[in-house]
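A closer look at the structure
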Amino acid sequence: MSDTMLLLGGHIYSPGNPDATAMAVTDGTIAWVGTDPVGRALHPEAEIVDLRGAFVAPAFVDSHVHATSSGLLLNGLDLTGCASLTEFLHALRDYVAENPGRLVWGHGWDESWWPEQRPPTRAEIDEAARGAPVYLSRVDVHSALVSTALVERAPLARGAEGWDEEGPLTRVAHHHARSAARESLSPAQRREAQAAFLRHAAAQGIASVHECAGPDISGADDLADLLGLSAQGGVPEVVGYWGELGALDTARELGVRGLGGDLFVDGALGSRTAALREPYSDAPGTSGVLYLDADAIAEHLVDCTRNGIQAGFHVIGDAGVAEVGEGFRRAAEVLGTPALAGGGHRLEHLEMIDGELAAELAGYGVTASVQPCFDAAWGGTSRMYASRLGPERGARLNPFSELASQGVVLAFGSDAPVTRVGPWEAIRAAVHHRTEGFGISPRAAFNAHTRGGWRAAGVVDGLTGTLVPGAPATYAVWSVDELVPAGQDSRVRRWSTDPRSGVPALPDVSPEARLPRCLRTVLRGETIHRRDRGDED
């Protein structure tokens, strides 16, 4: 039997070959791309896979996830749909009643769109929890509601920065509470959550995820377990990041790609902890919090660059972004710009940035790991960004077109569980940005969620993330309603929609279109997800 598999009768998304209908895979590598008759002639002994008109494209990369907490949400208390404080408390009571004696780990509440415009008090949490330890992270995961029973397991939270006797915990107090909740999980619960998340990611056409771990996020044991699970195969590849300063030994022990991910320069807008140059519009007494200054940022960049490891930072607010810019300047003075740029360092979120600083960061070789669904959820002139920052400031976040035009490499992700894993939803959000002129073309968005993700992790071989001969056979098969030219709007040059340009078509991501449904996900020739076509709806 031949060791070659020949996919026929589909639509293959391959650069320079927009009419491709077939693809041959040998030993986990793409051997050939072209049309059905030629494929049959070249590979007469191959195993045939009839695509039946399906769309085959490079598999997605999610460049920012938190696997365990996302997996817990799949089977835990999902509060993302709660539309009011009353509904929230009912959901908590019901979950406690159905799961007596267990830690309640929940996520996703967002009081900014509740009619009550406030989160519950600790007394309300305790009444609904009936004595159970409760940890309920806000949608941005930078604050959490906790029960008294959990506080008793986290005595250091009391009096720490961010402590509140009645309301959500933020900053250091939140980190203590989260650690206590995490330590209350059994190893079996953790592994079950991780496996559930990776299976779910594969079902969305994702072949690789970047786990953004750290001492305040998930713990070294959690990351080690996740990397071990990935190494066993059958699931998406996990690229690990550890967010801690001065942790080169830890990075080597864990085998992570970099010291970054959620290494916090600042917090989040929803919890009013993102560092701003001007105060929050709905809380004039605060401008957020800056966890790292330019000196600490520069020192981390220098240490990582000299030791051949990728550095990265979580940064959202404009004051935080400015501090990062200064940190890069100081690091460049020590290392020289070419050496610093060669480190391939990355920034997570990067929501409040102007063109001048974007161009400077591009010169330092920075990759922006961004989350388009943030804008879909909170952008524009009437949602959370506008309420926190005012309509004018709030409508100028996540300027994807500005970042791309200045040469910053974009890598798309979900920050799951902050937003759900859904690559086509992210592409739609990036194309149809809530602020006019801030979006990018479908082709650029697709590249950011495929090739951009590999590049963010240091894979720059020019092949990975594409379907061309010699590339790893990492792809997804999709049921689609319609394929359309990759550029449909005035921001895209006409050559890209001309058949002579060799730009293949993509699925329709307009707001009214039904998005593709994943039939199969393949990682270097190994199928990690498969669904019968009859189950796609």
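About the criteria used
Residues numbered from 1 in each chain as written. Predicted model: local features only at pLDDT ≥ 70, side-chain atom pairs only at ≥ 80, totals over all residues. Heavy atoms only, no water. Axes fitted to C-alpha atoms, helices over the stretch in contact; angles between N-to-C directions. Helix = DSSP H or I, 4+ residues; strand = E, 2+ residues; numbered from the N terminus. Contact = heavy atoms within 4.5 Å. Nonpolar A, V, L, I, M, F, W, Y, C, P; charged D, E, K, R; others polar. Phe/Tyr/Trp six-rings, centres within 6.5 Å; stacked < 30°, edge-to-face > 60°. Lys NZ or Arg CZ within 6 Å of the ring centre and 35° of its normal. Expected span 1.5 Å × (residues − 1). Buried < 20%, exposed > 50% of the residue type's maximum accessible area, 1.4 Å probe, protein only. Arc of directions from axis to C-beta. Pairing = 2+ DSSP bridges. Parallel < 35°, antiparallel > 145°, perpendicular 65-115°, else oblique. pLDDT = per-residue confidence, 0-100. Salt bridge = Lys/Arg side-chain N within 4 Å of Asp/Glu carboxyl O.

Right, let's get into the packing of helix H3 (residues 85-98) against helix H4 (residues 122-129). Helix packing geometry: the angle between the two helix axes and the distance between the axes. Between H3 and H4, whose axes approach to 8 Å, the crossing angle comes to 35°. Contact with H3, carried on its side by Leu85, Phe88, Leu89, Leu92, Arg93 and Val96, involves Glu124, Ile125, Glu127, Ala128 and Ala129 of H4 and no other residues of that element. For the contact of H3 with H4, the class distribution of residues is eight nonpolar, no polar and three charged.

This part is about the packing of aromatic side chains. Under the definition given, this model contains 14 aromatic pairs. Taken together, Tyr13, Phe55, Phe60, Trp424, Phe446 and Trp478 form an aromatic cluster joined through their ring pairs. The ring centre of tryptophan 109 lies 6.0 Å from the NZ or CZ of arginine 138, which sits over that ring. One cation-aromatic arrangement involves arginine 346 over tyrosine 241; the distance from NZ or CZ to the ring centre is 4.5 Å.

Taking 1.5 Å as the rise per residue, helix H8 (residues 220-231) with twelve residues should run 16 Å; its terminal C-alpha atoms sit 16 Å apart, in good agreement. Residues Asp222, Leu223, Leu226, Leu227 and Ser230 constitute the buried set of H8. For H8, the arc enclosing every buried residue in end-on projection is 130°, short of the 170-degree limit, so these residues lie on one face. Once H8 finishes, glycine 233 follows within two positions and takes phi at roughly 90°, a positive value.

The strand order across the open sheet formed by five strands is E8-E9-E10-E11-E12, and the pairing between neighbours is mixed. Of all the strands in the sheet, the pair left with one neighbour each is strand E8 (77-78) and strand E12 (169-170). Relative to strand E11 (residues 143-146), strand E10 (residues 134-138) runs antiparallel, the two being bridged by three bridges. Pairing of leucine 136 across the sheet is with leucine 145, part of E11. Against the sheet, H3 makes contact with E8, strand E9 (104-109), E10 and E11, and its axis sits at roughly 160° relative to E9, the strand it touches most.

This brings us to the packing of helix H2 (residues 67-75) against helix H7 (residues 187-203). For the pair H2 and H7, interaxial distance at closest approach is 7 Å and the crossing angle is 85°. Classified by the angle their axes make, H2 and H7 are roughly perpendicular. The segment H2 lies against H7, with Ala67, Thr68, Ser70, Gly71, Leu72, Leu74 and Asn75 engaging Arg190, Glu192, Ala193, Gln194, Ala196, Phe197 and His200.

The share of residues in the protein chain with pLDDT of 70 or more is 96%, and the mean pLDDT across the chain is 93. Scored below 50 in pLDDT, residues 488-497 makes 15 contacts in the model with residues more than four places away or belonging to other chains.

Turning our eyes to something else, we now look at unusual backbone geometry. Of note, the amide linkage connecting alanine 416 to proline 417 takes the cis form, showing an omega dihedral of 15°. Relative to the helices and strands, proline 417 is located in the loop between strand E19 (409-412) and helix H18 (423-431). Unusually for a residue other than glycine, glutamine 117 sits at a positive phi of about 55°. Position of glutamine 117 relative to the elements: it lies in the loop between E9 and H4. With a phi close to 60°, arginine 272 is a non-glycine residue in the positive phi region. Along the chain, arginine 272 turns up in the loop between strand E15 (258-259) and helix H10 (294-306). Taking relative accessible area as the criterion, arginine 272 reaches 26% and is therefore assigned partly exposed.

For the coordinates displayed, the defined rule picks out 21 salt bridges. A salt bridge links arginine 420 to glutamate 425, with the nearest nitrogen and oxygen atoms 2.3 Å apart. A network of salt bridges, in which partner residues are shared, links Asp110, Glu111, Arg138, Asp140, Arg272, Asp282 and Arg388.

Before going further, it helps to spend a moment on the sheet that holds strand E23 (residues 517-523). Taken in spatial order, the five strands make up an open sheet running E2-E6-E20-E23-E24, and their pairing is mixed. The sheet is open, and its two borders are formed by strand E2 (11-12) and strand E24 (526-530), each paired with just one other strand.

With that out of the way, let us pick up the pairing of E24. Here E23 runs beside E24; their pairing, made up of four bridges, is antiparallel. Residue valine 522 lies in a different strand from E24, and its bridge partner there is threonine 527. What sits between the antiparallel neighbours E23 and E24 is a turn of two residues, in which arginine 524 has the positive phi angle 50°.

As for its placement among the helices and strands, aspartate 295 is situated in helix H10. Residues aspartate 295 and alanine 331 lie 36 residues apart in sequence; the distance between their C-alpha atoms is 8.8 Å.

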